[in-house]
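The primary structure of each chain is shown beneath.
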Amino acid sequence: MSPYAPPPRPLALFGPAFAADPQGHYRALREHGPLAPVRIAPDIEAMLVTDYQAAVDLLRDTHTFSKDPRAWQATVPPDSPVLPVLGHRPTALFSDGAVHARYREAINDSLALIEPHVLRAEVARVARQLIGGFAATGSGDLIAQYARRLPMHIFVTWFGADPDDGDRIVDGIAGMMNSAEDAAAAYADLVDVVTRLVADRRAKPRRDLTSHFLAHPAGLDNDETVRQITLVMSAGNDPMTNLIGNSILHMLTDERYAGSLHGGAMTAHEAINEVLWRDPPIANLAAHYPRHDTEFHGVRLRAGQLVLVSYAAANGQSAPPVLDDGVRSGASAHLSWSVGPHRCPAKQPALLIAMTAIEQLTSLLCDAELAVPAEELLWRPGPFHRALAHLPIRFTPLDTTASVIPPVETAGLRT
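Counting from 1, residues in each chain are numbered in the order their sequence is written. With pLDDT at 70 or above as the cut-off, local features in this predicted model cover only qualifying residues; side-chain atom pairs require 80 or more to be listed or tallied, and sums for whole chains, interfaces and linings still use all residues. Side-chain measures here rest on the full set of heavy atoms in the structure, leaving out hydrogens and waters.

The name given to the protein in an unreviewed UniProt entry is Cytochrome P450, and the organism recorded there is Streptomyces castrisilvae.

(A) Representation of the sheet that holds strand S11 (residues 392–394) in the model. A pair of strands counts as paired when DSSP detects no fewer than two bridges linking them. Labels follow the DSSP assignment, with helices taken as runs of H or I lasting at least four residues and strands as runs of E lasting at least two, numbered in each case from the N terminus. Judged by pairing direction, the sheet is antiparallel, and its three strands sit side by side in the order S5-S11-S10 without closing on themselves. Every other strand in the sheet has two partners, leaving strand S5 (139–141) and strand S10 (369–370) as the edge strands with one partner each. Inspection of the sheet shows S10 paired to S11 by two bridges, in the antiparallel sense. Bridging from a neighbouring strand, Glu369 pairs with Arg394 of S11.

(B) The pairing of strand S6 (residues 284–290), seen in detail. Burial here depends on accessible area, computed with a 1.4 Å probe over protein chains only, as a share of the maximum for the residue type. Under 20% is buried, over 50% is exposed, and the range in between is partly exposed. Here S6 lies mainly inside the structure; seven of its seven residues are buried. Across two bridges, the pairing between strand S4 (residues 65–66) and S6 is antiparallel. Note on S6: the bridge partner recorded for Ser66 is Tyr289. The pairing of S6 with strand S9 (residues 307–310) spans three bridges and is antiparallel. Bridge pairing in S9 links His288 to Val307.

(C) Region of interest: the pattern of salt bridges. Basic side-chain nitrogens of Lys or Arg form a salt bridge, by our definition, when they fall within 4 Å of a carboxyl oxygen of Asp or Glu. Tallied over the full model, the rule gives 17 salt bridges. Salt bridges sharing common partners tie together Asp165, Arg168, Asp189, Asp192 and Arg196.

(D) Representation of the packing of helix H6 (residues 97–111) against helix H13 (residues 222–253) within the structure. Angular values range over 0 to 180 degrees, each being the angle between N-to-C directions of two axes fitted as lines to C-alpha atoms, with helices fitted over their stretch in contact. Contact geometry of H6 with H13 gives a least axis separation of 11 Å together with a crossing angle of 60°. Relative to H13, H6 is oriented oblique. For H6 against H13, the interelement crossing comes out right-handed. Residues Arg102, Tyr103, Ile107 and Leu111 of H6 form the contact with H13, whose own contacting residues are Glu224, Gln228, Leu231 and Val232. Working definition: roughly parallel below 35 degrees, roughly antiparallel above 145 degrees, roughly perpendicular at 65 to 115 degrees, and oblique for all remaining angles. Handedness of a crossing is defined here by the sense of rotation of the near helix relative to the far one, left-handed for an anticlockwise turn of less than a right angle and right-handed for a clockwise turn. Only heavy atoms matter for contacts: two residues are in contact if any of them lie within 4.5 Å across the pair.

(E) Inspection of the confidence of the model for the protein at higher detail. The predicted model of the protein averages 90 in pLDDT, with 89% of residues at 70 or higher. Confidence drops under pLDDT 50 across residues 323–331; counting only partners more than four residues distant or on other chains, this segment forms 19 contacts. On a scale of 0 to 100, pLDDT captures the predictor's confidence in every residue. Contacts from residues 404–411, a stretch scored under 50 in pLDDT, to residues over four places away or in other chains number 18 contacts.

(F) Focus on the sheet that holds S4. An order of S1-S2-S3-S9-S6-S4 is seen for the six strands of this open sheet, with the pairing classed as mixed. In this open sheet, the two edge strands, each paired with only one partner strand, are strand S1 (11–12) and S4. The strands touched by helix H3 (residues 52–60) within the sheet are strand S3 (44–49), S4, S6 and S9, with S9 carrying the most contacts at an inclination of about 130°.

(G) Helix H14 (residues 268–278), seen in detail. When you tally the buried positions in H14, you get eight out of eleven residues, the bulk of the element. Of the positions making up H14, those classed as buried are Ala268, Ala271, Ile272, Asn273, Glu274, Val275, Leu276 and Trp277.

(H) Region of the structure containing the nonpolar core. Ranked by size, the top nonpolar core spans 128 residues in total, and within it Leu86, Leu150 and Phe159 carry the most contacts. The element that contributes the greatest number of residues to this core is H13, accounting for twelve residues. Not counting residues within four places of it along the chain, the set of residues in contact with Leu150 comprises Val123, Val126, Ala127, Leu130, Ile353 and Ala357. The set of buried Ala, Val, Leu, Ile, Met, Phe, Trp, Tyr and Cys residues whose side-chain atoms join them within 4.5 Å is what this entry labels a nonpolar core.

(I) Up close: the packing of aromatic side chains. Aromatic rings from Phe, Tyr and Trp, with only the six-membered ring used for Trp, were paired whenever their centres fell within 6.5 Å, and each pair was classed as stacked if the ring planes differed by under 30 degrees, edge-to-face if by over 60, and tilted otherwise. Following the criterion strictly, the structure yields seven aromatic pairs and no others. Ring geometry for Phe65 and Phe296: centres 5.3 Å apart, planes at 85°, overall edge-to-face. You can see Phe65 sitting in strand S4 and its partner Phe296 sitting in strand S7 (residues 294–296), a full 231 residues away along the chain. Assessed through its relative accessible area of 1%, Phe65 is described here as buried. According to the relative accessible area criterion, Phe296 is buried, its value standing at 7%. Ring geometry for Phe155 versus Trp158: centroids 5.4 Å apart, planes at 75°, classification edge-to-face. Pair noted here: Phe155 and Trp158 are both in helix H9 (residues 149–159), with a separation of three residues, about one helical turn. Among the residues examined, Phe155 registers a relative accessible area of 7% and is labelled buried.

In structure tokens form, the structure reads like this:
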């Protein structure tokens, strides 16, 4: 007999109540076992893994679970707002075995062309340019004016997209992650931007990641290239925005950081690591589907049933203690980069971008503080992410006429 009480009904992981208190929802779900039923949209149910060991076991078990959603997708209304995130496309995220290996190799090899020192310098230039845009005012929104725009500039540069399409890329990614009524239109607009970019580079290759994807020995056709690029963008831009924003908020509200971006005992690297433990930018995802009816950690699952992993809940359930020096024991063991064959391929560049972005901000706006009480901050609703809607700050205005911030240059890629 199970020691866990059956849940009265699936718990909703969308809407303002969940966005305001996700950890409370995870605590309630853990009372019902290592997996519990949830709703990720009004008519869409899933099983959510909240236990750390169960999450690790699922992420590594390619024999019991598939990443291909098509059997499940056939049971879902075609206009469901979660399909822009979960619906099948020919990408590494939705494939298994040899197909997954082919797509994954193209992604890994293309991302490996980015030199870390070039990336760091590029992020620093973009960061200073963005900060310069509001530094003289003494106030700003670090989501709208900084954390959301910095990754956009990096992706536009990497892939050689038209800078005028930057806002469409960001809005498309954010819209699909929100899983609201306009999610499908948002994703379609993102695909349109990338489709035009890929067609142009197929005809006129340049020294950018789009051209490298097209030239890769995996032999991707145009649609496969579009889908890998939209995957990289969507897995990078919105989560990167959230990681930067959540880490800055952590530094502004945790007393170990002295309530500002200057003078605290903790570093940007430590803030990022703690956020990856307790407020990961992707909170619930890693969709898997049982290949056959099975029992997993004492829970019966149907073939083709949607099973999601809660990185946030699993991390919270297994977070190691904080030592006397403020550092977590075993702090590299969180699941926010995932594990197994579908682990994040861009961990190192993502960490480099986030750390450089925060270090630039702390060096230029060292006395910044929250402009509103932390409890008044709003979080974007949606089942998949942990994302601030805004992050208003105030600080001593800077004299931006004293120096000129150079324009962003094309990223250097190894060839």
